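# Coordinates in review
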Amino acid sequence: MLKLYTFHNSICTQKVFITLAEKQIEYVTHNVNLFTNEQFSPEYLKINPKGVVPALDHDGRIVTESTLICEYLDDMFPERRLVPADPFQRARMRLWSKAVDENLFEATRELSFSAMFRDRMKSMTPEQREGRFRNVGDPIKRARLESAYAEGVESPYVYQGIAAFETAFSKMEKDLQSSPWLLGSEMSLADVNLMPFVARIAYLDLLDIWIANRPATQSWWASVQKLPTFKASVPDKLEAADFAAMATSGDKIKDRVAALRDQYVAQCAAI
Ligand SMILES: N[C@@H](CCC(=O)N[C@@H](CS)C(=O)NCC(=O)O)C(=O)O
């Protein structure tokens with residue numbers, strides 16, 4: 001049996017939902033409430049010592065890290081391949097996975113945090129807030145979150161995130177020049193890995209900052225939104241209140257994010 005440890009608005013878990021849906025795999029879910037710190041409970045830390053979702057339990061064997069879970073599912077359930085057979089294409093796919101895992105995940109987290117979760121944390125008592133930061137074991141992750149809390153969109157980590165999205169969307173536009181999907185005519189985990197991240201930026205109403213002048217990326221995003229498996233795995237799992245909260249909070253930082261993105265583009269042009 002497959003059991004997926006999830007949280008409904010977790011961007012990393014959404015990659016796994018799409019993969020499971022594409023492959024039509026049956027599974028059950030176990031909700032880990034990130035808002036009430038259930039990810040730090042001793043029971044869950046035994047499943048994922050990093051205290052994050054997703055985690056997959058396949059007949060008692062635990063797989064963590066969303067990128068690895070998606071590849072594991074492709075290996076175990078080969079009926080509808082999302083990992084290309086050709087080694088060069090596989091390397092291209094993993095370059096996109098690396099971009100997501102090394103840059104875009106944190107970019108999305110810090111943008112979402114400065115737009116949305118920062119306000120939620122402001123309403124906590126100082127003790128609750130300190131407790132929340134203390135729970136974050138990894139000192140680098142903690143420094144990033146503390147900076148995004150204290151400085152909001154002016155945090156250098158948010159600027160790094162804005163730059164990371166600029167680099168990614170520039171590469172996407174090139175890769176999509178002659179094909180509908182990132183690796184060619186077939187959708188792959190390269191596309192699946194990116195979908196929830198682009199969706200989150202869209203739901204924060206920030207996406208046009210990067211793609212207004214990128215028609216190939218706009219077509220890709222339009223195709224993604226039409227995919228039944230994406231729809232069932234991402235927007236259909238969110239409530240109207242989730243969409244409203246994302247759009248309202250994103251709008252508050254939008255002008256500044258656009259100005260910082262222009263600053264980054266000008267800085268690159270001057271080199
Ligand atoms: N690299 C990990 C990142 C997992 C991750 O950070 N998940 C977030 C939700 S998208 C989480 O559980 N956050 C809880 C926390 O940081 O306390 C993956 O891709 O699985």
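Treat the numbers as computed from the prediction; the structure is a model and nothing was measured. (Residues numbered from 1 in each chain as written. Predicted model: local features only at pLDDT ≥ 70, side-chain atom pairs only at ≥ 80, totals over all residues.)

### Re the overall build of the protein chain
When helices and strands are tallied, the protein chain shows twelve helices and four strands. In terms of C-alpha radius of gyration, the protein chain reaches 18 Å, essentially the compact-globule figure of 18 Å for 271 residues. Taking the principal axes of the C-alpha coordinates as reference, the protein chain spans close to 50 × 50 × 35 Å. Residue pairs in contact within the protein chain that sit at least 24 positions apart in sequence constitute 74% of those at least 6 positions apart. (Helix = DSSP H or I, 4+ residues; strand = E, 2+ residues; numbered from the N terminus. Rg over C-alpha atoms; globule rule 2.2 N^0.38 Å. Contact = placed C-beta atoms within 7 Å.)

### Concerning the domain arrangement of the protein chain
Domain boundaries assigned for the protein chain yield domain 1 (2-76) and domain 2 (87-269). Each of domain 1 and domain 2 has a C-alpha centre, and these two points are 20 Å apart. At the interface, 17 residues of domain 1 touch 20 residues of domain 2. Where the side of domain 1 that touches domain 2 is concerned, the elements lending two or more residues are helix 1 (11-22) and helix 3 (66-76). In terms of residue class, the side of domain 1 that touches domain 2 is made up of seven nonpolar, six polar and four charged. (Domains from an automatic or database assignment. Nonpolar A, V, L, I, M, F, W, Y, C, P; charged D, E, K, R; others polar.)

### Examining the sheet that holds strand 3 (residues 55-58)
Ordered by their spatial adjacency, four strands build an open sheet running 2-1-3-4, and the pairing between neighbours is mixed. The outermost strands of the open sheet, each flanked by one partner alone, are strand 2 (28-31) and strand 4 (61-64). Shown here is a sheet whose adjacent strand axes are inclined to one another by a mean of 25 degrees, direction ignored. As paired elements, strand 1 (residues 2-6) and strand 3 share four bridges and run antiparallel to each other. Residue pairing for strand 3: Leu4 is matched across the bridge by Leu56. (Pairing = 2+ DSSP bridges. Axes fitted to C-alpha atoms, helices over the stretch in contact; angles between N-to-C directions.)

### Brief notes about the site of the ligand
Close contacts around the ligand come from 13 residues, with Ser10, Cys12, Val52, Val53 and Ser66 the closest. Listing elements by their share of the shell around the ligand, those giving two or more residues are helix 1 and helix 3. Partitioned by chemical class, the residues of the shell around the ligand number six nonpolar, five polar and two charged. (Near = placed C-beta within 6 Å.)

### Overview of the environment of Tyr44
Mapping Tyr44 onto the fold places it in helix 2 (residues 42-47). Classification of Tyr44 by C-beta neighbours within 10 Å gives partly exposed; the count is 19. Residues Tyr44 and Tyr5 lie 39 residues apart in sequence; the distance between their C-alpha atoms is 9.2 Å. What Tyr44 contacts, discounting residues up to four positions off in sequence, is Val32, Glu38, Gln39 and Gly51. (Buried ≥ 20, exposed ≤ 12 C-beta atoms within 10 Å, placed from the backbone.)

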